[in-house]
Amino acid sequence: MDRELFDCAVIGGGLAGLTLAIQLSEKGYSVILFERQTYPFHKVCGEYVSMESYDFLERIGVPLSEMNLPYINEIKISSPDGNSFTRNLKLGGFGISRYTLDYTLSELAKKKGVVLMEDTKVFDIVFEQEFFSIKTATNTFYAKVACGAYGKLSNLDQKPDRKNTKISKNYIGVKYHVKLNLPDNRIELHNFKDGYCGVSKVEGNKYCLCYLTNSQNLRDHGNNLKLMEEKVVMKNAFLKKYFTEAVFMHDKPLTISQITFGKKKAVYNHLLMLGDSAGSIAPLCGNGMSMAMHASFKAFQAIDSYLTGKISMETMELQYTKQWNDQFSKRIQTGEYLQQLFGKETITNISIGILKNMPSMTDKLIASTHGYKF
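Computed from a predicted structure; not experimentally measured.

Reading the values: the criteria
Residues numbered from 1 in each chain as written. Predicted model: local features only at pLDDT ≥ 70, side-chain atom pairs only at ≥ 80, totals over all residues. Heavy atoms only, no water. Helix = DSSP H or I, 4+ residues; strand = E, 2+ residues; numbered from the N terminus. Buried < 20%, exposed > 50% of the residue type's maximum accessible area, 1.4 Å probe, protein only. Contact = heavy atoms within 4.5 Å. Areas by Shrake-Rupley, 256 points an atom, 1.4 Å probe, with all protein chains shown as cover. Phe/Tyr/Trp six-rings, centres within 6.5 Å; stacked < 30°, edge-to-face > 60°. Salt bridge = Lys/Arg side-chain N within 4 Å of Asp/Glu carboxyl O. Expected span 1.5 Å × (residues − 1). Polar contact = N/O pair within 3.5 Å; in protein donor to acceptor, adjacent residues only side chain to side chain. Patch = residues over 30% accessible without salt bridge, like charges linked within 9 Å, V, L, I, M, F, W, Y side chains within 5 Å. Pairing = 2+ DSSP bridges. Core = buried A, V, L, I, M, F, W, Y, C linked by side-chain atoms within 4.5 Å.

Draft legend 1. Looking closely at the overall build of the protein. What the protein contains, in helices and strands, is ten helices and 17 strands. Looking at the 374 residues of the protein, the share that counts as buried comes to 56%. For the protein, contacts bridging at least 24 residues in sequence account for 73% of all contacts bridging at least 6. Within the structure as shown, the protein displays about 16500 Å² of accessible surface, and the carbon and sulfur contribution to it stands at 50%.

Draft legend 2. Representation of the packing of aromatic side chains within the structure. For the structure on display, the rule yields 13 aromatic pairs. Arranged with centres 5.4 Å apart and planes meeting at 85°, the rings of Tyr-54 and Phe-94 form a pair that is edge-to-face. Of this pair, Tyr-54 sits in helix H2 (residues 54-59) while Phe-94 is found in strand E5 (residues 84-95), placing the two residues 40 residues apart along the sequence. In this pair, the class of Tyr-54 matches that of Phe-94, namely buried. The rings of Phe-56, Phe-297 and Phe-374 are connected pair by pair, giving a single aromatic cluster.

Draft legend 3. Spatial organisation of the pattern of salt bridges. This structure, assessed with the given rule, holds 17 salt bridges. Across the salt bridge formed by Glu-229 and Lys-226, the nearest N and O atoms sit 4.0 Å from each other. With Glu-229 and Lys-226 both in helix H5 (residues 225-231) and three residues apart, the pair spans about one turn of that helix. What makes Glu-229 buried here is its relative accessible area of 2%. On the basis of relative accessible area, Lys-226 is assigned to the exposed category, the value being 51%. Ionic pairing is found between Glu-245 and Lys-241, a salt bridge with its closest N-O pair at 2.8 Å. Separated by four residues within a single helix, Glu-245 and Lys-241 lie in helix H6 (residues 237-245), roughly one turn from each other. One network of salt bridges, in which partners are shared, links Lys-43, Arg-98 and Asp-102.

Draft legend 4. Layout of unusual backbone geometry. Backbone torsion omega between Tyr-39 and Pro-40 reads -5°, so that peptide bond is classified as cis. Within the secondary structure, Pro-40 sits in the loop between strand E2 (31-34) and strand E3 (48-50). Phi at Glu-130 takes a positive value of approximately 70°, unusual for a residue other than glycine. Along the chain, the position of Glu-130 falls in the loop between strand E7 (122-128) and strand E8 (131-136). Of the residues examined, Glu-130 reaches a relative accessible area of 66% and is grouped as exposed. Phi at Asp-194 is positive, roughly 60°, even though this residue is not glycine. With respect to the element layout, Asp-194 can be found in the loop between strand E11 (186-192) and strand E12 (195-202).

Draft legend 5. Spatial organisation of the environment of Gly-195. Residue position: Gly-195 is located in strand E12. Put simply, Gly-195 and Tyr-171 are 24 residues apart on the chain and 8.9 Å apart in space, counted from C-alpha to C-alpha.

Draft legend 6. Spatial organisation of helix H9 (residues 345-356). Between its first and last C-alpha atoms H9 spans 17 Å; for twelve residues at 1.5 Å apiece the expected length is 16 Å, and the two agree. Among all positions in H9, only Thr-348, Asn-349, Ser-351, Ile-352, Gly-353 and Leu-355 are buried.

Draft legend 7. Representation of the side chain of Asn-236. Within the secondary structure, Asn-236 sits in the loop between H5 and H6. A residue is classified by how much of its surface remains accessible, and Asn-236, at 1% relative accessible area, is buried. Within the local environment of Asn-236, its side chain forms a polar contact with the backbone nitrogen of Phe-238, the two atoms lying 2.9 Å apart. Discounting chain neighbours no more than four positions away, the residues touching Asn-236 are Ser-78, Ser-79, Pro-80, His-190 and Asn-191.

Draft legend 8. Layout of a nonpolar patch on the surface. Together, Ile-350, Ile-354, Met-358 and Met-361 line one region of the surface with nonpolar side chains, adding up to about 360 Å² of accessible area. On the secondary structure map, Ile-354 appears in helix H9.

Draft legend 9. Layout of the environment of Lys-193. Note on placement: Lys-193 falls in the loop between E11 and E12. Residue Lys-193 is classed as partly exposed on the basis of its relative accessible area, which comes to 35%. The sequence separation of Lys-193 and Asn-214 amounts to 21 residues, and the corresponding C-alpha distance is 8.9 Å. If near-sequence neighbours (up to four positions away) are discounted, Lys-193 is found in contact with Thr-213, Asn-217, Val-232 and Glu-345. Polar side-chain contacts of Lys-193 include one of 3.1 Å to the side chain of Asp-194.

Draft legend 10. Structural context of the pairing of E12. When you tally the buried positions in E12, you get seven out of eight residues, the bulk of the element. Hairpin connection of E11 to E12: two residues between the antiparallel strands, including Asp-194 at a positive phi of 60°. Here E12 runs beside strand E13 (residues 206-214); their pairing, made up of eight bridges, is antiparallel. Each residue of the ladder has a partner; that of Cys-197, found in E13, is Tyr-211.

Draft legend 11. Highlighting the nonpolar core. By size, the foremost hydrophobic cluster in this structure holds 73 residues, and its most contacted members are Leu-20, Leu-57, Phe-94, Leu-105, Ile-303 and Tyr-320. Considering each element in turn, this core owes the most residues, ten residues, to helix H7 (residues 288-307). Listed in part, the 23 residues of the second largest apolar core include Ile-172, Leu-180, Leu-182 and Tyr-207.

Encoded structure:
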């Protein structure tokens, strides 16, 4: 064909897309990645990363050990009525903002030879005659393999068979960066009516304060975010203290709306789907960021085998689908269970009281939300 044919096109420049592009480029493949925003930028995200992905990030060139990041090995959980408990995290994690991590990965990708198309929205992806055509507002690009890593919300995800097959309530996510006097090694999870808020330290002596709540909470308060925080979020005594004492580092929070959690397909029209594109991952399932990067690792292995002629496209798709289900289906199910558990005020109060008095069960539940190093 006349135009350049890339080995792989990646749509979406989050953690899954960037790490996949880097791995493929390191192996010598030609890779083009499309990102609708321009780096660096903030994202609504809890910004606690499980240690399962630490070695992986260092292997592909992210100098985490030189970045003076907080190591987090303790979790504190509270119910809306103020009951709480603290437990150690066996595997633990580290704190880093998406602003810093995504930008670091984007710069690394460019150094590795990835063609990074920033500020570029993909309108359609078509598979025909054994290659993909990727259409933007100004051009059409071609690739042997294409991967969807565009997150929870995308114009590409609105076709009837790509929408969640199990629709849950709509949620909104809100993130602040703040200065607080809290332990560096602790992540806190505080529940309130129809929602929960995570607080943990990231780089630069700041904390990520990020909460998720039912969209109805906001509508009930006239779509006034501050009023909802005062009347609902701060009913939790811990959150009232933090919202009152925190020094907010930006004029406005970062928000995202119309979030749903449900099952999708790991492969759609021959596209390998990664992270939230493969099935919107509830925050409580145990670190969606590490799951997204782990998925990129599995996708890289399958794509490499296909591009070297060891397996067919059909086998690549089957292999990746099996790997996705084997690695993540139980964690996603756990997240859905916890999402329902922590979404109801009375049940949450009772559950936290039970877990507080059953540490072995609590430790087992926490362990089920963390994976293993890859």
